[in-house]
Structures are given as C-alpha cells and as structure tokens.
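# Overview (structure and organization)
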Amino acid sequence: AMSGTVIPGTPLAVDCWRVRRAGGARLFFLSHMHSDHTVGLSSTWSRPLYCSPLTARLLHRRLQVGAPGPARPPRAAGPAPLTAPAPQVPTRWIRPLEVGQSHVLGGEVTVTLLDSNHCPGSVMFLFEGAFGTILYTGDFRYTSTMQGEPALRGRHIDRLYLDNTHCHPHWPLPSRQHATHQAAHVIRTHPQHQVVIGVYSLGKETLLVDLAVEFSTWVVVSPWRLEQMQLLELPDVFTTEEGAGWIRAVDVTEIRWDTLVSWNTLHPTIAILPTGRPVRVTHPNIHPIPYSDHSSFSELCEFVKWLKPCSVIPIVRGSMCQAYFQKYLSSAPQALPDLKIPKPVQESVQQQSKRKERKPMCLLKRATRHSVPRGVVYESPEKHTEKSEEFTGVTILQQNYCESAFCSKEGCTCHTGKEKGKEELSGEQPGVARAASAASQAPASDEHFPTGFAEQYLLTPLNVLKQNSSQKFDKLVEDFFRSGEAS
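Looking at an unreviewed UniProt entry, one finds the protein named 5' exonuclease Apollo, with Oceanites oceanicus as its source organism. Under the heading Catalytic activity (unreviewed entry), UniProt records this for the protein: "a beta-lactam + H2O = a substituted beta-amino acid".

What follows is the structure, encoded as structure tokens:
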C-alpha cells in the first residue's frame, strides 16, 4: 500500500491523508478510489479534497461519505476480504473538478485533471505554478491516444511523477485488448465450465463487459456491485439473479484453493484471475491472465520519450527506475522548487552569514574549531603565492592573538568562550593539532609572517606557554615581529 506523495517545494499533496506527515501542504488531491490511496481518510478530515466528479460520486455513495449508504449483503462463509475501512469524510470537504479543464486554486496553483485510464474516475494531475510544471500520473495505463491530449501536447514538464509499478524490462505485459483475448481463449477451451472472475471492488469493469458481449451472457454480481455498475453508467450486462448467466464476478480474495474445491463439487468451474503481478497458482482450475491497469515497461518508455520531461520521479518507493529513462529526458533548464523559508529561519541564516563575514579575533580559536589531530604540518609559502592577495592589508600587530584556554585578559573577545574552548580541546593536543590546522586553514606568504615564528612557537613547550599571561604573550609576539623586521 502506498502512503501518497507530498511534492517538495509546493503546497501539493496527492493521495496523502496523514496531515502530520504532509509538511506544509495546503492543497490535497485524490487520484482515484482504490483503498491503498485512501489510507488515512477519516471523519476528522477537515480540509478541501480535490478529485474528479466520478470519484466524488463514488465517495458519496460507495464509501458512505457524509451519509449512510446501502450496506453490503451478507457474505458466504470464509475469510473476509482484505479491504480498508470506508473513510467517513464529511461531504462539505469534497471538491470535484471537471476533467480536461484548468482550475486555479488558492490563487497560486493551476491544476488540470486528465483521464489516467486506470479505473473509473482515476485521473492524472497537471500542476502549474511558481514551482514550474509538474505532471503526477498516479496509477495509469498509457495509451497512444494520450498524445492527443491538448494539455500535454508540446508542454514543458519540469517534473514527472511516474507510476512505476511495472517498471522493469524483464516484466513484459500485453495490452488489455490482447489480455482479454487470452481470457476468452481460456473460456472457449472449457465449454462445459462455469466461469468465476476475481476482481477488486473497483476496476476491470471493461473486461467483464467485453466478455459478456463476446459470449452473449449475463455477468452475475452482488447487489452492492450492481448498484456501482449502474452508478458508473456501464452497459446493461450485469444482474444479481443467480443462474441467469454462467460468468460470475467475485471479490479477488475469493479465488482460492478451498473455494475452487467447493465450487467444483456443485458444477465444473474455472477461475480467471486478471492481474499484472506474478501469482502462485494453488488450484489447476485457476488461470492467471496478464490483464493490468498499470502501464507496461515499453509503454512507460514510449510515454517518457514522447513527453521529454526534465526529470522522472518514481511514485512507488524503493525503485530506481530513473536510469531507464535518462536518455529520453529534456536538456532544457528545469524550474527549481519554490522552497519558501520561514521568516525566522531567514533572519537566523542572515545573522549567521554576517558573523561568518567578520574577521576572526582569535587565530588559535578558529584553528580549534577545525583542528584535526594529525601532528605538525608545515606548508611552503610558495604554494599559496596566488592566495596571498586575500590577506593584503592584514596587520598582525592589530590582532589580539590568544587562546581561550589560556586567556586571562579581561575584555578579550575570546574570554567569554573559555568554557566552550575547553570542551573543544578534549581528546586533542592543543599545542600541536590546533597550530597544525591553523597553518593549513590560513596559509600566508612570508611577506606578512617573518620566517621562523611558527616554528619557534610550535616547538615551545606547553608548560612554558601556560606560565605566560596573555599580556606577556602579546608582548613576546610583538617583540618577535619587530626583531624580524629589523633583521
């Protein structure tokens, strides 16, 4: 089961009903009514929910949204179907949008709903806004007729969220028309058998209609399913009368070894299981048919090649299918996500940037933050001849060089960070590692640093340095620079 998608850099969430996981999403969309796309919908839902008109009708009627609806008839003995509980979403939040038309929502997003050819009411979403242009396919079965869709023809797509259910080159699938012919062939080879077809609560209605027309028979369904067929305005080939036809549609979970044994004790029966996924057959009379409502790998390649998006993002997690489509992507610049940073965060980042621009008051304190215990490292000034221009105008005598761990000078800028400096010293050798890092982090030419100063300081015993106050240390530095200039 999928948990939906929150599209980064946008206010959009598709098939995602866990508000706490939705981040800053403000606009919520339902692609279709399969139960794995409605997980999280409940009576506490209190935001507009955008979907196709047919999906809205299914929400109102089949899933009893806002008002009680007809209950399912009692089931025969056996395990209950593995279906999610009906979401009790208040009616006032359901906002149907016409398919094929553009709708402006919140004054910031334009959305166009397109038929996804997956199941009744299923749609793709074409989003446009400051974040660029995004096509979210949801579950879909590609057909070449989609290339005639005005909203997609010649459209620049920045991000394509793609249904990658069957995105594998070694997982071929026939067209639904060809799969229907395979089902008809199985039925013809069993002329004395009744036929049971396992389907989900929504989807594969076209297969049932085609087989009913092909064999001129009624398809027997439950009263609950018959009401749904009438809501979908399908051809009048369905009935609830037992024995009126020899093709029967049941819930897919009823296609099992024990039910086949039970049915065959009454009358020779075969079961057809239309699915694009590999299944384990538990009875010789169960016949899987590769009939899928998801795009095949070759269809996905054809779709991406025609659309030429800037990037492809798989909807089903855990799949790295982007490599298959890399050669079909557009080289045009991609619109970057509109990542809006909250104002308090912006102010914090600005303050940090300003602090980084300030010249450090304590050279050794800066070395402490970046130190690596790697011993003494001397770098040749010749390596940094080009970089020495960065230090032009820096006078060493104007700096107050001290180490927070040793500083006792009142008013020193590093005095307030004394305790922090001690924490950063743990596990390292102060006189060696920090000075080594200082040498590597801030190289300078001999124009500014007299030869021998670094060596003399680094080789001075630590206990000697500790005996000197910061005032004496500053004077030692000043005297050394003056002696270097005089020589």
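What follows is about the pairing of strand S11 (residues 194-199). Burial runs high along S11: 5 of the 6 residues are buried. One ladder, built from 5 bridges, connects S11 with strand S14 (residues 247-251); its direction is parallel. Pairing of Ile197 across the sheet is with Ala249, part of S14.

Before going further, it helps to examine the sheet that holds strand S9 (residues 132-136). The strand order across the open sheet formed by 6 strands is S6-S7-S8-S9-S10-S17, and the pairing between neighbours is mixed. At either margin of the open sheet sits one strand with a lone partner, and together these are strand S6 (102-105) and strand S17 (312-314). When the angles between neighbouring strand axes are averaged without regard to direction, this sheet yields 20°. With 4 bridges joining them, S6 and strand S7 (residues 109-115) adopt antiparallel strand pairing. The partner of Ser102 across the bridge, within S7, is Thr112. Sitting on the sheet, helix H6 (residues 297-307) touches S9, strand S10 (159-162) and S17, and the angle it makes with S10 is about 165°.

Strand order in this open sheet of 5 strands is S1-S2-S3-S4-S5, and the pairing throughout is mixed. Two strands lie at the open edges of the sheet, namely strand S1 (5-6) and strand S5 (94-96), each paired on one side alone. When strand S2 (residues 12-14) meets strand S3 (residues 27-29), the two strands line up parallel, connected through 3 bridges. Across the sheet, Val14 pairs through a bridge with Phe29, a residue of S3.

Before going further, it helps to examine unusual backbone geometry. The backbone of Lys204 shows a phi angle near 65°, a positive value even though the residue is not glycine. Within the secondary structure, Lys204 is located in the loop between S11 and helix H3 (205-215). For Lys204, a relative accessible area of 12% puts it in the buried group. Positive phi outside glycine occurs at Lys308, with the angle close to 50°. Its location among the elements puts Lys308 in the loop between H6 and S17. Overall, Lys308 belongs to the partly exposed group, its relative accessible area being 48%.

On to the packing of helix H2 (residues 176-188) against H3. Relative to each other, H2 and H3 sit at 45°, their axes nearing to 11 Å. Between H2 and H3, the interaxial angle falls into the category oblique. Here H2 and H3 pass one another in a crossing that is right-handed. Note on element contacts: H3 touches H2 through Leu207, Asp210, Leu211, Glu214 and Phe215, opposite Thr180, Ala183, Ala184, Ile187 and Arg188.

Reading the values: the criteria
- Residues numbered from 1 in each chain as written.
- Predicted model: local features only at pLDDT ≥ 70, side-chain atom pairs only at ≥ 80, totals over all residues.
- Heavy atoms only, no water.
- UniProt positions renumbered as here; feature names shortened; annotations may be inferred.
- Buried < 20%, exposed > 50% of the residue type's maximum accessible area, 1.4 Å probe, protein only.
- Helix = DSSP H or I, 4+ residues; strand = E, 2+ residues; numbered from the N terminus.
- Pairing = 2+ DSSP bridges.
- Axes fitted to C-alpha atoms, helices over the stretch in contact; angles between N-to-C directions.
- Contact = heavy atoms within 4.5 Å.
- Parallel < 35°, antiparallel > 145°, perpendicular 65-115°, else oblique.
- Left-handed = near helix turned anticlockwise from the far one by under 90°.

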